[in-house]
Every structure is written in structure tokens, then in C-alpha cells.
Amino acid sequence: MGQNNQPSGFGEVELDELFREVILDHYRNPRNRSLVSGSDVRAEGQNPFCGDEVAVQLKLQDRHVGEVGVQGRGCSISQASASMMGELLKGKSLEEVRRLAGLFRGMLRGVDPAPAQLEELGELEALRGVRQYPIRIKCALLAWAALEEGLERYEKAKKRNS
Ligand code: ZN
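Here we summarise the structure given alongside this text. (Residues numbered from 1 in each chain as written. Predicted model: local features only at pLDDT ≥ 70, side-chain atom pairs only at ≥ 80, totals over all residues. Heavy atoms only, no water.)

Bringing the packing of helix H2 (residues 76-89) against helix H5 (residues 134-161) into the picture now. At a minimum axis separation of 8 Å, H2 and H5 run at an interaxial angle of 35°. Between H2 and H5 lies a crossing whose hand is right-handed. Two secondary-structure elements touch here, H2 through Ile-77, Ser-78, Ser-81, Ala-82, Met-85, Leu-88 and Leu-89 and H5 through Arg-136, Cys-139, Ala-140, Leu-142, Ala-143, Trp-144 and Leu-147. (Axes fitted to C-alpha atoms, helices over the stretch in contact; angles between N-to-C directions. Helix = DSSP H or I, 4+ residues; strand = E, 2+ residues; numbered from the N terminus. Left-handed = near helix turned anticlockwise from the far one by under 90°. Contact = heavy atoms within 4.5 Å.)

Below, the discussion takes up the coordination of the zinc ion. Distances from the zinc ion to its protein donors, Cys-50 (SG), Asp-52 (OD), Cys-75 (SG) and Cys-139 (SG), fall at 2.1 to 2.5 Å. Because the angles between the four donor atoms bound to the zinc ion fall within 94 to 120°, the donor set is best described as tetrahedral. Between the donor residues of the zinc ion, the gaps in sequence give the motif C-x1-D-x22-C-x63-C. Pair noted here: Cys-50 is in the loop between strand S1 (41-47) and strand S2 (52-61) and Cys-75 is in the loop between strand S3 (64-73) and H2, with a separation of 25 residues, a long-range link. The class for Cys-50 is partly exposed, based on a relative accessible area of 30%. Exposure remark for Cys-75: the relative accessible area of 11% places this residue in the buried category. (Donors = N, O, S within 2.8 Å, 3.2 Å for Na, K, Ca; no water. Tetrahedral: all angles 85-135°; square planar, octahedral: opposite > 155°, others 65-115°. Buried < 20%, exposed > 50% of the residue type's maximum accessible area, 1.4 Å probe, protein only.)

That is the geometry; function is a separate question.
What follows is the structure in C-alpha cells.
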């Protein structure tokens, strides 16, 4: 700690030390990295500004998230956000997933979550400071925006097939 000569990968973003550590931990040790085969929901996103890329797969059980796969490369904010998202989604219903996406997006756009909502977002709270850097909000939202698109495609395909 306190070694400011190490490249942090945060760019211009200054964050609280504790939150920094949470983000760096996810960045360096991303969770649920394995590709999920036979997934129901698949999503990919790119952010040309940073060269960020993410891919997400969900395997569903009864409209709840079973297995999660998250892969990607890019800046620490985008990759940590994707990793935290994967952890948070496990066991959640698709409706909860959408609601959490809305809460997270709201937090980054300056809507302060109520304490209970903040608790629901778990480690993602660490990214709250990103909202002071509009250009990096896209990084933090990349995985979430991709996931929402993937969910939409999944629901549409389901409707077509029913
Ligand atoms: Zn980025």
C-alpha cells in the first residue's frame, strides 16, 4: 500500500483506498472466468474509448441465474465491474437482475441508493466514486449494458418460440 509508483490502471480516477483494493482484487483475480457452455443468455460488449471488452454467459434454472461466465479485457474499472456483476447475479431471478442493473446504473448517474439498496449492490458500491468521471461511467456499465441486451434477446427469442 502507498506505492504510488505502481501503475494502478485507474487512469484519472481517484477512489477511496478501501474501494481501490476491492476493485483491484477483482481486476487481478476475476471471478467466474470460465466460459459457460450451453448457456441461455449470452452477451458481449465493447467500449472503444478504452478498448474494453466483456462477454457474459448465464445458464438459467427456472428463470434464476445458475452458472455465470464472465470474460474480458480492458481497464480495471470495466473488468472489476464485470467480475463483481457475475458474483452478484448468482441465484438471482431475471427480474432481480434487471432491478439490480437499474440500481447500479442509477448510482453511477448520481442517484444515491437507499441503505438497503446499497447493501444489495454489495461490492459494486466500490465503483460509486466513478460517477465523478463521466467518461469512465461507460467502463463501469459495460458488462451491465451488455447483459441487459442479452436478456432482451433471450426474452424475445423465448416469446417467439412459445
Ligand atoms: Zn474502460
